[in-house]
Amino acid sequence: MTLGIALRTPLRRPWSRSSLQVLRVRLPSGSRGYVTGGQSPPSRSWGKAVVVAGAAGCLGYLLSQSKEFKRWEKYVVAHESAEVKELIGHKHQIINDQSVTKLEELEPLRYNTDQKEIAELVRKLKAVLENNEDNFTHSPGELEQHSDSDFNTHHPTPQQRPLIVLFPHTTDQVSQIVALCHEYNVPIVPFSGGTSLEGHYLPTRNPTISIDISKYMNNIIKFDKTDLDVTVQGGLPWEDLQDFLNDQGLLFGCDPGPGAQIAGCVANSCSGTKAYRYGTMKENVLNLTVVLPDGSIVRTKRRPKKSSAGYNLNGLFTGSEGTLGIVTEVTLKTHVKPRFETVVVVSFPSIADAAACSSSITQAGINVNAMELLDDNMMHLINVNDATPRNDWLETSTIFFKIGGTTQTVIDELVGEMKKISHLNHAQKFEFAADEEAKEELWEARKVALWSVLDQGKLKSPGARIWTTDVAVPISKFAKVIQETKEEMDKSGLINAIVGHAGDGNFHAFIVYTNKDELERVKKIVGHMVHRALYAEGTCTGEHGVGIGKRTYLHDELGDTPIDLMRRIKIAIDPKRIMNPDKIFPIDPEEPESIVSE
């Protein structure tokens, strides 16, 4: 297999057009490509061109005999010749004609670190934001906030901080900022709510520019009640959107963690407790406005509820974790709230019984609006921390259901069917809300789950941290995987709890650690949990995303070729690799160890 190096050289007459010399270079099996010149060099004399062409031919022959090339930069041996380098031009690029891109085929990342140029870039970025100090910050506290949180599974080193945080007002300003970073070859990390959990917004490279759309780009742009859709800016908190829709008798289909914002919901393809009924973020996005890594602005679709026109760009950007662009506007589906709704709480002697009940209800075709599982540890922590208005919850594995319908009769019939299935799965207690106040009280226990675990950890040690992670499996494997995971967690002696979106086989583990030894134990438990899910034909993450924390597990789940295809897409859209680098999968064959170390 060969590599063609095309040297386009304009020559003086008697040739009236450019000549083309080609070097044929033997490549390793499975690799193929072309290196093409950038800007054509100035004209050369005929004699000089003949000499250079001859030298290039000799060099090509020698290179064709070599079998030791392993990376693309080794293919461009023409750089060793000043004359050939000038012919190629300094802006050469490698065009791989394969459908996938392996990590070893990429050149090592070399971002701009020239201090004078970086200072010039920062001046230009501030100018885009009208040199208004409300629109950017170098504050150490803000830089810290835009690097880490207590909930992250992967924490930055002290050196991993953004150079500056920018607060744009419009999509156009985001575009100008990104175009400048692209021009100066400086990495970008998009930021909105800062609630992601796997190191998604960790600035792995220095310098890095953080672009935070939460401060000003947080408005509702357009609402269409007839068409049941709403267009919002990416920095809008999802709770604010839900409050707005609630007044219209509508709801937003996803409900991730508190503080999450719409752009982040898109980036991580969030879901939450209502996904069982209304789908994940992928199913709720109608169109996106995205700023690409070179500053280009793309709108993915119009507003139809369905379309088969062209590639599904919504699906491409949803779940891309900020590695392909910055989402600045989103048009979302809205859903009509049930006219009647109640909450049912059912307790079981074991988590296996609870999980089996959830699978039985799904297989029976009973449509519920939410189905959430909390284990016995979780129910105990809710009681001891007085996390809800009542603290007499039965401390056994419990499922919380939301049941909706057009009439109370429909709800009563569903409750009756669920009671039968629950008792077949050894239910110990079955209670449901008789009024609105009781409904809110019952569901409150599910909403405070994470905080209850963390509060208990802080009582043990003020410096306690929590590792929260998730997996998802086919519902037929749900009971077995969650039971085995719980047994291992309980044997660890660490404060822990499990909650799950039982209807779709997705569950979360909360584990508290206070020192390095406990952290290593947590990592081992999480590794076993993930591989248990993968063995059951599941996934390493149902809704948290990959970030830095689960890159290895993604490879375990998918293998080389799917990740090489993702890398190919990344390079096609972001050839300079400046957009949220190092997330989801490696993009640097010489990646620094600090990127993956705690």
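About the thresholds
- Residues numbered from 1 in each chain as written.
- Predicted model: local features only at pLDDT ≥ 70, side-chain atom pairs only at ≥ 80, totals over all residues.
- Heavy atoms only, no water.
- Helix = DSSP H or I, 4+ residues; strand = E, 2+ residues; numbered from the N terminus.
- Buried < 20%, exposed > 50% of the residue type's maximum accessible area, 1.4 Å probe, protein only.
- Contact = heavy atoms within 4.5 Å.
- Areas by Shrake-Rupley, 256 points an atom, 1.4 Å probe, with all protein chains shown as cover.
- Pairing = 2+ DSSP bridges.
- Axes fitted to C-alpha atoms, helices over the stretch in contact; angles between N-to-C directions.
- Parallel < 35°, antiparallel > 145°, perpendicular 65-115°, else oblique.
- Left-handed = near helix turned anticlockwise from the far one by under 90°.
- Nonpolar A, V, L, I, M, F, W, Y, C, P; charged D, E, K, R; others polar.
- Phe/Tyr/Trp six-rings, centres within 6.5 Å; stacked < 30°, edge-to-face > 60°.
- Lys NZ or Arg CZ within 6 Å of the ring centre and 35° of its normal.
- Salt bridge = Lys/Arg side-chain N within 4 Å of Asp/Glu carboxyl O.
- Expected span 1.5 Å × (residues − 1).
- Polar contact = N/O pair within 3.5 Å; in protein donor to acceptor, adjacent residues only side chain to side chain.

**Student:** Explain the overall build of the protein here, please?
**Tutor:** The number of helices and strands found in the protein is 20 helices and 22 strands. Classification of the 598 residues of the protein by burial places 54% in the buried group. When contacts within the protein are restricted to residue pairs at least 6 apart in sequence, those whose partners lie at least 24 apart make up 73%. Total accessible area on the protein is roughly 26200 Å²; 51% of this is exposed by carbon and sulfur atoms.

**Student:** Can you help me understand the sheet that holds strand E8 (residues 209-212) in this one?
**Tutor:** Across a sheet, paired strands are connected by hydrogen bonds in the backbone, their directions being either parallel or antiparallel. In spatial order, the strands read E5-E6-E8-E7; together these four strands make up an open sheet with mixed pairing. At either end of the open sheet lies a strand with only one pairing partner, and these are strand E5 (136-137) and strand E7 (188-191). The sheet contact formed by E7 and E8 spans four bridges and is parallel. The residue of E8 that forms the bridge with Pro-190 is Ile-211.

**Student:** Would you mind showing me how to read the packing of helix H12 (residues 351-363) against helix H14 (residues 408-424) here?
**Tutor:** Relative placement of two packed helices is described by the angle separating their axes and the distance separating the axes. Relative to each other, H12 and H14 sit at 140°, their axes nearing to 9 Å. It follows that H12 is oblique to H14 by the angle criterion. Read as a crossing pair, H12 and H14 show a hand that is right-handed. Between H12, through Cys-357, Ser-360 and Ile-361, and H14, the contact on the second element is made entirely by Met-418, Ile-421 and Ser-422. Looking at the contact of H12 with H14 residue by residue, the class counts come to four nonpolar, two polar and no charged.

**Student:** Mind showing me how you'd approach the packing of aromatic side chains here?
**Tutor:** What characterises a pair of aromatic rings is the spacing of the ring centres plus the angle enclosed by the ring planes. In total, this model carries five aromatic pairs according to the counting rule given. Aromatic side chains Phe-151 and Trp-451 sit 5.3 Å apart centroid to centroid with 85° between the ring planes, which places their arrangement in the edge-to-face category. With Phe-151 in the loop between helix H5 (140-145) and strand E6 (164-166) and Trp-451 in helix H16 (residues 449-460), this pair connects stretches of sequence that are 300 residues apart. According to the relative accessible area criterion, Phe-151 is buried, its value standing at 19%. With centroids separated by 5.8 Å and ring planes inclined at 55°, the aromatic side chains of Trp-393 and Phe-400 adopt a geometry described as tilted. With a relative accessible area of 4%, Trp-393 lands in the buried category. Judged by its relative accessible area of 0%, Phe-400 is buried. In this structure, Lys-215 packs its charged tip against the face of Phe-167, placed 4.8 Å from the ring centre. Over the ring of Trp-393 we find Arg-390; its NZ or CZ atom is 3.9 Å from the centre of that ring.

**Student:** Please clarify how the pattern of salt bridges should be interpreted in this entry.
**Tutor:** The full count for this structure, using the stated rule, is 26 salt bridges. The salt bridge involving Asp-229 is made with Arg-303; its shortest N-O contact spans 2.7 Å. Placement of the pair is Asp-229 in strand E10 (residues 229-233) and Arg-303 in the loop between strand E13 (297-299) and helix H11 (313-317), with a sequence separation of 74 residues. Two residues, Asp-375 and Lys-486, come together in a salt bridge whose shortest N-O distance is 3.2 Å. A residue pair is termed long-range when its members are at least 10 positions apart, and Asp-375 in the loop between strand E17 (370-374) and helix H13 (376-384) and Lys-486 in helix H17 (residues 475-491) qualify at 111 residues. By relative accessible area, which is 0% here, Asp-375 ends up buried.

**Student:** Help me understand helix H18 (residues 516-535) in this model?
**Tutor:** An α-helix turns once per 3.6 residues; consequently, residues spaced three or four apart project the same way. The first and last C-alpha atoms of H18 sit 29 Å apart over 20 residues, in line with the 28 Å expected at 1.5 Å per residue. When H18 is considered as a whole, its buried residues turn out to be Glu-518, Leu-519, Val-522, Ile-525, Val-526, Gly-527, Met-529, Val-530, Arg-532, Ala-533 and Leu-534. The secondary structure elements touched by the buried residues of H18 are H16, strand E20 (465-472), H17, strand E22 (506-513) and helix H19 (551-558). The distance from a side-chain oxygen at the start of H18 to the backbone nitrogen of Asp-517 is 3.1 Å, and the residue carrying that oxygen is Asn-515. Once H18 finishes, Glu-537 follows within two positions and takes phi at roughly 65°, a positive value.

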